[in-house]
Amino acid sequence: ATASSHNDNVYITIDDEGPGIPPGKEEKIFERFYSERPEGDAFGNNSGLGLNISKQIVEAQGGTLVAENRVDAAGKVTGARFTICLPIDG
């Protein structure tokens, strides 16, 4: 994770090295009860609430939470990136 500030905002970026986000699902993953289970993962291990709750907390503070895929120079997905932007209260 990294953090930086710019224009009265603080940005927190979390990267992972997983399979990434299915194309076109970058917003849908934040919906309540939505879950992308890894192949072979047993049903019931993912509630689909974590990202929804995270986004609600960030937005309640006046911020944003966005998701995108990380890609290498060849365009291969190397994981997901979640970026939180929160206003700095002055």
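Scroll up to find the structure.
Let me begin by describing the structure that accompanies this report. What you see is a predicted model; the values in this text were computed from it and never measured.

Our focus in this paragraph is the overall build of the protein chain. When you go through the protein chain residue by residue, the secondary structure sums to one helix and four strands. Ordered by position in the sequence, the α and β elements of the protein chain form the string β-β-α-β-β. Buried positions account for 22% of the 90 residues belonging to the protein chain. Sequence separation of 24 or more characterises 50% of the internal contacts of the protein chain that already satisfy a separation of 6 or more. For the protein chain, the exposed surface amounts to about 6300 Å²; the carbon and sulfur share of it is 51%.

Let's shift gears to the side chain of Asn52. Tracing the backbone through its elements, the reader meets Asn52 in helix 1 (residues 50-60). Since its relative accessible area comes to 12%, Asn52 is described here as buried. A distance of 2.5 Å separates polar atoms of two side chains, one belonging to Asn52 and the other to Gln56. In contact with Asn52, other than residues within four places in its own chain, are Phe30, Glu31 and Arg32.

Positive phi is not limited to glycine here, since Asn7 has a value of about 50°. Looking at the element boundaries, Asn7 is found in the loop between strand 1 (2-6) and strand 2 (9-15). Located in the positive-phi region is Asp8, a residue other than glycine, with phi close to 65°. With respect to the secondary-structure elements, Asp8 resides in the loop between strand 1 and strand 2. Owing to a relative accessible area of 61%, Asp8 belongs among the exposed residues under this scheme.

This next bit is on the nonpolar core. Residues Ile21, Ile29, Phe30, Tyr34, Val58, Leu65, Ala67, Ala80, Phe82 and Ile84 constitute the largest nonpolar core, which totals 10 residues. When contributions to this core are tallied by element, the ones reaching two or more residues are strand 3 (64-71) and strand 4 (77-87). Per-element accounting of this core gives the leading share, three residues, to strand 4. If near-sequence neighbours (up to four positions away) are discounted, Ala80 is found in contact with Ile14, Asp15, Asp16, Gly20, Ile21, Glu68, Asn69 and Arg70.

The next thing to look at is the pattern of salt bridges. A full pass over the atoms with the stated rule returns four salt bridges. Residue Lys55 is joined to Glu27 by a salt bridge in which the shortest nitrogen-to-oxygen separation is 3.6 Å. Taken together, the residues Lys55 in helix 1 and Glu27 in the loop between strand 2 and helix 1 connect sequence positions 28 residues apart. Assessed through its relative accessible area of 15%, Lys55 is described here as buried. Relative accessible area serves as the criterion here: at 53%, Glu27 is assigned to the exposed category.

Rules behind the numbers
- Residues numbered from 1 in each chain as written.
- Predicted model: local features only at pLDDT ≥ 70, side-chain atom pairs only at ≥ 80, totals over all residues.
- Heavy atoms only, no water.
- Helix = DSSP H or I, 4+ residues; strand = E, 2+ residues; numbered from the N terminus.
- Buried < 20%, exposed > 50% of the residue type's maximum accessible area, 1.4 Å probe, protein only.
- Contact = heavy atoms within 4.5 Å.
- Areas by Shrake-Rupley, 256 points an atom, 1.4 Å probe, with all protein chains shown as cover.
- Polar contact = N/O pair within 3.5 Å; in protein donor to acceptor, adjacent residues only side chain to side chain.
- Core = buried A, V, L, I, M, F, W, Y, C linked by side-chain atoms within 4.5 Å.
- Salt bridge = Lys/Arg side-chain N within 4 Å of Asp/Glu carboxyl O.

Worth remembering: the numbers are spatial, not functional.
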